[in-house]
Amino acid sequence: MRWPLILLALVCGSTGIAEDVVKGDFELLDHHGEAVTERSFDGKLRLVFFGFTQCPDVCPTTLLEVAHAMRRLGEDAVNVQPIFISVDRKNDTPEQLARYVAAFHPSLVGLTGSKQQIDAVAASFNVTYGVEPAASGASAPDSVFHSAYLFLMDRQGGFLDVFGYGTKADVIAARLREYL
Amino acid sequence: MFTRAIARYSAGLVLFFSFAAAASASFDDGARYAFIASASSKSIFVIDLREKSLAQTIVLERSPSSVTVSERLKALVVGHVDDRRLTLVDLSSSDLAQIDYPLEMTPSMVVMSPVGETVAIFDKEAGRLEVHAFRRRAVLLSVNDVHTESEFTFSTDGSTLYWVDDSNGSFNSVDLWAERQSIALAEPESGLSAISRSVDGMSAFISEASADVVHMIDLSSFAPVRKIHVGSRPGRPWGTADGRYMLVPNNGGDTVTAISTMTGAAVYTAASVDHPVAVNPGWLDSTAAAVSESGYVAFSDVDDGKVTARFQLNGAPLDGIVTSDSKTLAIPVPERGSLVFLDMRQRSLSSSITGLPLDIGPAALAISNNLCH
């Protein structure tokens with residue numbers, strides 16, 4: 001005989017829902033060199049991803065899924081703003097970002113900023129990143145790591161949901177449609 | 001002889017991976033599907049983590065002893081009890097095609113590299129360790145005289161394997177060029193845990209149960225840099241996905257210790273569950289779910305260790321997996337034949353799948369939030 005699973009809840013204190021984990025504020029430069037904040041995209045849902053243009057796998061893979069999701073939305077895609085925030089301020093100039101984002105989707109915006117600004121936006125999204133400089137004289141690029149979450153933000157920049165690394169375009173598009 | 005054996009099956013492998021690339025999607029979504037082996041039923045259970053349901057049962061010819069999965073290969077790699085072969089299951093084919101992969105060793109442990117292209121295979125009795133690249137039909141590494149009771153850990157690029165040998169208290173590595181390193185870390189039989197590597201690949205953390213310490217190793221110099229005092233009889237550390245902390249279940253007591261990976265300092269040791277064996281981080285690395293050997297779960301804030309909710313699973317758990325979106329923790333409970341889902345954001349029990357065999361093993365997931373443990 002297989003016993004039914006008995007789930008006994010012994011809740012103490014608050015349920016501890018971490019609603020304020022992601023705030024979503026920023027002051028950065030876009031890939032045209034223009035200053036932007038989270039209010040610059042008001043009226044549109046946003047997909048926000050952190051990374052760096054020399055990332056070999058996680059960033060291009062995720063941005064490809066974002067681009068596919070945008071294409072699946074058809075005309076509704078005009079109501080969604082995909083945003084790529086670089087944590088590699090040393091290498092990812094606005095010019096470099098412009099070339100990079102254009103390879104994925106015409107509406108993808110690349111953002112960068114000073115160290116203080118990048119630290120601030122990372123803290124606001126509860127994102128971690130780090131840059132380990134390459135050894136002196138080494139041909140390899142700096143070693144950069146970063147959180148791999150894709151954030152879905154509402155039309156005022158408030159947090160709605162998060163997608164994990166590996167989430168497919170159809171899942172992202174379906175979730176976006178719930179809010180369009 | 002080994003090369004000939006591989007060559008004999010190479011045509012089949014070429015067909016297997018060609019088919020994998022061309023076929024329509026089935027269970028090859030590495031973030032969505034988890035896989036659980038049961039030897040008694042000769043089955044692999046496919047779990048849909050999005051729907052929290054049993055999606056499929058894959059019946060095998062032989063009893064599986066271990067299972068690992070690669071999204072890049074779109075394949076399951078299944079080891080068998082006392083059998084010198086693996087079974088590869090094509091997850092992208094509609095009929096989940098299976099082929100045999102012969103070995104000249106018994107695969108008592110199978111570990112997928114982070115890159116998802118290579119697999120480490122360990123024959124515990126023979127002390128033989130091999131790394132295979134299935135797509136290239138190549139054996140990249142074959143070494144003998146390897147001894148361990150715990151799991152192997154790959155470097156971030158898959159070029160090096162790390163392990164501890166508690167029988168002599170050593171920490172060891174071997175790279176794909178068969179260069180080996182070994183350092184004495186503790187007295188023999190000190191209760192060294194398996195290794196947890198930091199997210200950036202720079203450090204390794206190993207608990208020493210008898211001394212109530214965690215060793216921090218600089219992997220670039222292969223040297224111990226710090227001995228961190230934690231609670232009673234620490235088990236294997238669990239890293240947060242954002243790389244900030246190693247969370248250590250202090251199995252001899254009722255506490256969890258958080259270690260800063262940046263400074264190597266213990267940030268706190270906080271009350272949790274009795275005899276914790278695992279600490280799963282989730283919900284954007286803000287929540288930790290400590291699990292005890294008797295099946296209690298305590299949710300706490302990662303930053304200060306404060307427990308906000310406790311639950312009982314009513315059975316001894318295996319290690320859990322956290323989905324890549326950090327929302328769901330799935331824990332197998334073999335004695336109840338169940339897989340229990342916990343909501344990491346709400347810090348609550350969500351649902352469960354029941355009716356699984358009573359010998360289910362740990363869940364394998366290609367893209368997990370706590371993959372590198």
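Computed from a predicted model, the values in this text were never measured in an experiment. (Residues numbered from 1 in each chain as written. Chains lettered and ligands numbered in written order. Predicted model: local features only at pLDDT ≥ 70, side-chain atom pairs only at ≥ 80, totals over all residues. Heavy atoms only, no water.)

**Quick notes on the overall build of chain A**
Definition in use: Secondary structure counts use DSSP, requiring at least four H or I residues in a row for a helix and at least two E residues in a row for a strand, with both numbered from the N terminus. Each residue gets one of three labels from its accessible area relative to the maximum for its type: buried under 20%, exposed over 50%, partly exposed in between, using a 1.4 Å probe on protein chains only. Contacts are assigned to residue pairs that have any heavy atoms within 4.5 Å of one another. Residue-level accessible areas treat just the shown protein chains as cover; the underlying method is Shrake-Rupley with a 1.4 Å probe.
Scanning chain A for helices and strands turns up 4 helices and 10 strands. Reading chain A from its N end, one meets helices and strands in the order β-β-β-β-α-β-α-β-α-β-β-β-β-α. Counting over 180 residues, chain A shows a buried share of 49%. The long-range fraction of contacts in chain A, counting pairs at least 24 apart against all pairs at least 6 apart in sequence, stands at 70%. Entry remark: accessible area of chain A is about 8600 Å², with carbon and sulfur atoms responsible for 53%.

**Re the packing of helix α1 (residues 58-73) of chain A against helix α4 (residues 169-179) of chain A**
Residue and element names in this part refer to chain A. The test is simple: As a rule, the C-alpha atoms of each element are fitted with a line to give its axis, helices using only the stretch in contact, and angles between N-to-C directions run from 0 to 180 degrees. Should an angle fall under 35 degrees it is taken as roughly parallel, and over 145 as roughly antiparallel, whereas 65 to 115 is taken as roughly perpendicular and any remaining angle as oblique. Left-handed describes a crossing whose near helix is turned anticlockwise from the far helix through less than a right angle; right-handed describes the clockwise counterpart. In this classification, the charged set is Asp, Glu, Lys and Arg, the nonpolar set is Ala, Val, Leu, Ile, Met, Phe, Trp, Tyr, Cys and Pro, and all remaining amino acids, among them Gly, are polar.
Contact pair α1 / α4: the axes reach a minimum separation of 8 Å and the direction vectors enclose 50°. With respect to their mutual orientation, α1 and α4 come out oblique. When you trace α1 past α4, the crossing you get is right-handed. Across the interface between the two elements, Glu65, His68, Ala69, Arg72 and Leu73 from α1 touch Ala169, Asp170, Ile172, Ala173, Leu176 and Arg177 from α4. The residue makeup of the contact of α1 with α4, split by class, is 6 nonpolar, 1 polar and 4 charged.

**Considerations on helix α2 (residues 94-102) of chain A**
Residues and elements named next belong to chain A. Stated formally: This arc is taken over the directions from the axis of the helix to the C-beta atoms.
All of the buried residues in α2 are Pro94, Leu97, Tyr100 and Val101. Taken end-on, α2 shows its buried residues confined to a sector of 120°, consistent with a single buried face. The exposed set on the far side of α2, more than 90 degrees from its buried face, consists of Arg99 and Ala102. Those residues of α2 that are buried are in contact with β2 (27-30), α1, β5 (80-86) and β6 (109-112).

**Considerations on the packing of aromatic side chains**
Cut-off, in case you're wondering: Pairing of aromatic side chains here covers Phe, Tyr and the six-membered ring of Trp, requires ring centres within 6.5 Å, and sorts the geometry by plane angle: under 30 degrees stacked, over 60 edge-to-face, intermediate tilted.
Enumeration according to the criterion identifies 15 aromatic pairs over all chains in this entry. With a centroid separation of 6.4 Å and 85° between ring planes, the pair formed by Phe50 of chain A and Phe151 of chain A is classed as edge-to-face. On the criterion of sequence distance, the pair formed by Phe50 of chain A in strand β4 (residues 45-51) and Phe151 of chain A in strand β9 (residues 150-153) is long-range, its members being 101 residues apart. Taken together, a centroid distance of 5.6 Å and an interplanar angle of 50° make the contact between Phe152 of chain B and Trp163 of chain B tilted. Of this pair, Phe152 of chain B sits in the loop between β11 (138-143) and β12 (153-154) while Trp163 of chain B sits in strand β13 (residues 160-165); the two residues are 11 residues apart in sequence, bridging distant segments of the chain. Taken as a pair, Phe152 of chain B and Trp163 of chain B share a single burial class, namely buried.

**Remarks on the pairing of β13 of chain B**
All names here are of chain B. Rule in force here: One requirement defines pairing of two strands: DSSP has to find at least two bridges between them.
With 6 of 6 residues buried, β13 lies mostly within the body of the structure. Burial along β13 is two-sided: the face carrying Thr160, Tyr162 and Val164 and the face carrying Leu161, Trp163 and Asp165 are both buried. In the sheet, β13 pairs with strand β14 (residues 170-175) via 6 bridges, with the strands oriented antiparallel. In the strand pairing of β14, Trp163 is matched with Asn172. Joining the antiparallel neighbours β13 and β14 is a turn of 4 residues, in which Gly169 adopts a positive phi near 70°.

**Examining the pattern of salt bridges**
All names here are of chain B. Put simply, the rule is: For this document, the term salt bridge refers to a Lys or Arg side-chain nitrogen within 4 Å of an Asp or Glu carboxyl oxygen.
Applying the stated rule across the entire model yields 22 salt bridges over all chains. Across the salt bridge formed by Glu149 and Lys124, the nearest N and O atoms sit 3.0 Å from each other. A residue pair is termed long-range when its members are at least 10 positions apart, and Glu149 in the loop between β11 and β12 and Lys124 in the loop between β9 (118-123) and β10 (128-133) qualify at 25 residues. Judged by relative accessible area, Glu149 falls into the exposed class, the value being 68%. A residue is classified by how much of its surface remains accessible, and Lys124, at 43% relative accessible area, is partly exposed. Here the salt bridges do not stand alone but share partners, grouping Glu61, Arg62, Asp83, Arg85 and Asp100 into one network.

**Points about the confidence of the model for chain B**
Reading fine detail from the predicted coordinates is not recommended where pLDDT is low. Residue and element names in this part refer to chain B. For clarity, the threshold we go by: Across the chain, each position has a pLDDT score giving the predictor's confidence in that residue, from 0 to 100.
In the predicted model, chain B carries a mean pLDDT of 91, and 92% of its residues have values of at least 70. Under a pLDDT of 50 for its full length, residues 1-9 has, in the predicted model, 12 contacts with residues more than four places off or in other chains. Scored below 50 in pLDDT, residues 18-25 shows 13 contacts in the model against residues more than four places distant or in partner chains.

**Quick word on the sheet that holds β14 of chain B**
Taken together, 4 strands build an open sheet; the order of strands is β12-β13-β14-β15 (chain B) and the sheet is antiparallel. Both outer strands of the open sheet, β12 and β15 (180-184) of chain B, are each paired with one neighbouring strand and no more.

**Some points on the sheet that holds strand β5 (residues 75-80) of chain B**
All names here are of chain B. Spatial strand order, β4-β5-β6-β7: 4 strands in an open sheet with antiparallel pairing. Two strands in the sheet have a free side with no partner beyond their single neighbour: β4 (64-70) and β7 (98-102). Strand after strand, the sheet turns through a mean of 25° between neighbouring axes, direction not considered. Bridge count for strand β6 (residues 85-90) against β7 is 5 bridges, and the pairing is antiparallel. Paired with Leu88 across the bridge in β7 is Ile99.

**Section: the confidence of the model for chain A**
Averaged over every residue, the pLDDT of chain A is 87; residues scoring 70 or more account for 84%. Every residue in residues 1-18 of chain A scores below 50 in pLDDT, and together they form 41 contacts with partners more than four places removed in sequence or on other chains.

**Details of unusual backbone geometry**
Residue and element names in this part refer to chain B. With a phi close to 60°, Glu189 is a non-glycine residue in the positive phi region. Summarising the element assignment, Glu189 is placed in the loop between β15 and β16 (196-197). Overall, Glu189 belongs to the exposed group, its relative accessible area being 59%. The phi torsion at Asp212 lies on the positive side, around 55°, for a residue other than glycine.

**Considering empty space enclosed by the protein**
Residue and element names in this part refer to chain A. Note the cut-off: The pocket and cavity definitions rest on a 1 Å grid over protein atoms only: a 1.4 Å probe that fits but cannot leave marks a cavity, an open set with protein on both sides within 12 Å along at least five of seven lines marks a pocket, and residues lining either have an atom within 4 Å of a point. Grid points are joined across faces, edges and corners, and a volume is the space filled by probe spheres set on the points.
A complete count under the given rule lists 4 cavities of 30 Å³ or more for this structure. Quantified by volume, the largest cavity comes out at close to 60 Å³. Lining the largest cavity, in full, are Thr61, Thr62, Glu65, Leu150, Phe163, Gly164, Tyr165, Gly166, Thr167 and Ile172. With 3 residues, α1 is the largest single contributor of residues to the lining of the largest cavity.

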